[in-house]
Amino acid sequence: MGLPDVSCAHTLVRMGGGGEEGDRTRADRLRAVFLASFLDAAALPPGMCRIRAPDTTAPPSGGRTVHQGKAVWLGAPDAELYRLDDTRWLLPSRRRAGKLARELLGPPITPPLAGATDDPRCARGGDDPAMAGAGGAGPSTGGRGSGQVRLHVVRDTPSAGHVSILQVGPVVARLQAVPGEGSALPDGLAADLGRLVARQISALDGAAVDLRRPAWHPARWRSRPDR
């Protein structure tokens with residue numbers, strides 16, 4: 001007696017739920033954490049007004065980033081802090097984030113800080129006067145991030161203001177603080193903002209790890225004969 005004909009086709013059944021709805025949920029949560037990583041009014045001197053809010057509704061140009069956004073704050077023209085540009089990028093990988101950080105740095109304007117290197121994997125510790133105390137904020141709050149925050153001070157003069165680039169894992173932040181006319185940035189303001197941004201992007205780094213899409217694995221699928 002011959003065996004009955006059975007099609008070799010298989011029906012793939014996703015195990016564990018999730019699917020497209022789960023992907024959307026992860027994306028929405030990651031977007032919320034990304035937006036929460038920006039500075040708010042409580043972190044800035046009184047009188048600052050946000051004239052541009054970060055917007056991630058439009059897809060990033062060129063597909064280079066997962067999310068990107070920029071917030072702009074303004075104060076009085078003669079205030080110690082007249083303008084603050086707060087920019088964030090969340091990239092698909094640490095390697096791409098390191099490449100972007102190097103692009104943002106451009107040619108050296110000031111001598112590198114003590115211990116600085118071009119390796120994006122290097123952590124900037126407490127020996128960096130502009131990030132004193134930020135080393136403890138480097139790892140993500142959940143302990144699942146990619147590493148410590150790395151800081152580069154690009155420009156720090158009374159007239160041109162303070163520009164810093166920070167990176168942790170796949171996250172890059174650029175912070176530019178400009179003093180008002182005839183004024184100078186308050187002592188310690190740049191360092192305080194840098195430490196706060198370091199904590200925020202570390203939390204974003206941890207969320208990116210926790211919310212990334214699970215890798216496909218054969219155990220997540222079950223096959224059965226098509227009837």
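Residues numbered from 1 in each chain as written. Predicted model: local features only at pLDDT ≥ 70, side-chain atom pairs only at ≥ 80, totals over all residues. Heavy atoms only, no water.

The helix and strand tally for the chain stands at three helices and eight strands. Each helix and strand of the chain, ordered N terminal to C terminal, gives the series β-α-β-β-β-α-β-β-β-α-β. A buried classification covers 36% of the 227 residues belonging to the chain. Counting contacts in the chain only where the partners sit at least 6 residues apart, residues at least 24 apart contribute 65% of the total. Accessible surface, the chain as shown: approximately 12900 Å² in total, 54% of it carbon and sulfur. (Helix = DSSP H or I, 4+ residues; strand = E, 2+ residues; numbered from the N terminus. Buried < 20%, exposed > 50% of the residue type's maximum accessible area, 1.4 Å probe, protein only. Contact = heavy atoms within 4.5 Å. Areas by Shrake-Rupley, 256 points an atom, 1.4 Å probe, with all protein chains shown as cover.)

Turning our attention to the packing of aromatic side chains. Under the defined criterion, the tally for this structure stands at one aromatic pair. Stacked on the ring of F38, the Lys or Arg R88 has its end atom at 5.0 Å from the ring centre. (Phe/Tyr/Trp six-rings, centres within 6.5 Å; stacked < 30°, edge-to-face > 60°. Lys NZ or Arg CZ within 6 Å of the ring centre and 35° of its normal.)

As a further point, take the pattern of salt bridges. Within this structure, the stated rule accounts for four salt bridges. Via salt bridges that share partners, K70, R83 and D85 belong to a single interconnected network. (Salt bridge = Lys/Arg side-chain N within 4 Å of Asp/Glu carboxyl O.)

Here we come to the pairing of strand β3 (residues 67-74). Judged from the three bridges that link them, strand β2 (residues 49-52) and β3 form a sheet pairing that is antiparallel. Note that in β3 the partner of R50 across the bridge is W73. Sheet analysis places β3 next to strand β4 (residues 83-90), joined by eight bridges and oriented antiparallel. Residue pairing across strands places A71 opposite D86, the latter belonging to β4. (Pairing = 2+ DSSP bridges.)

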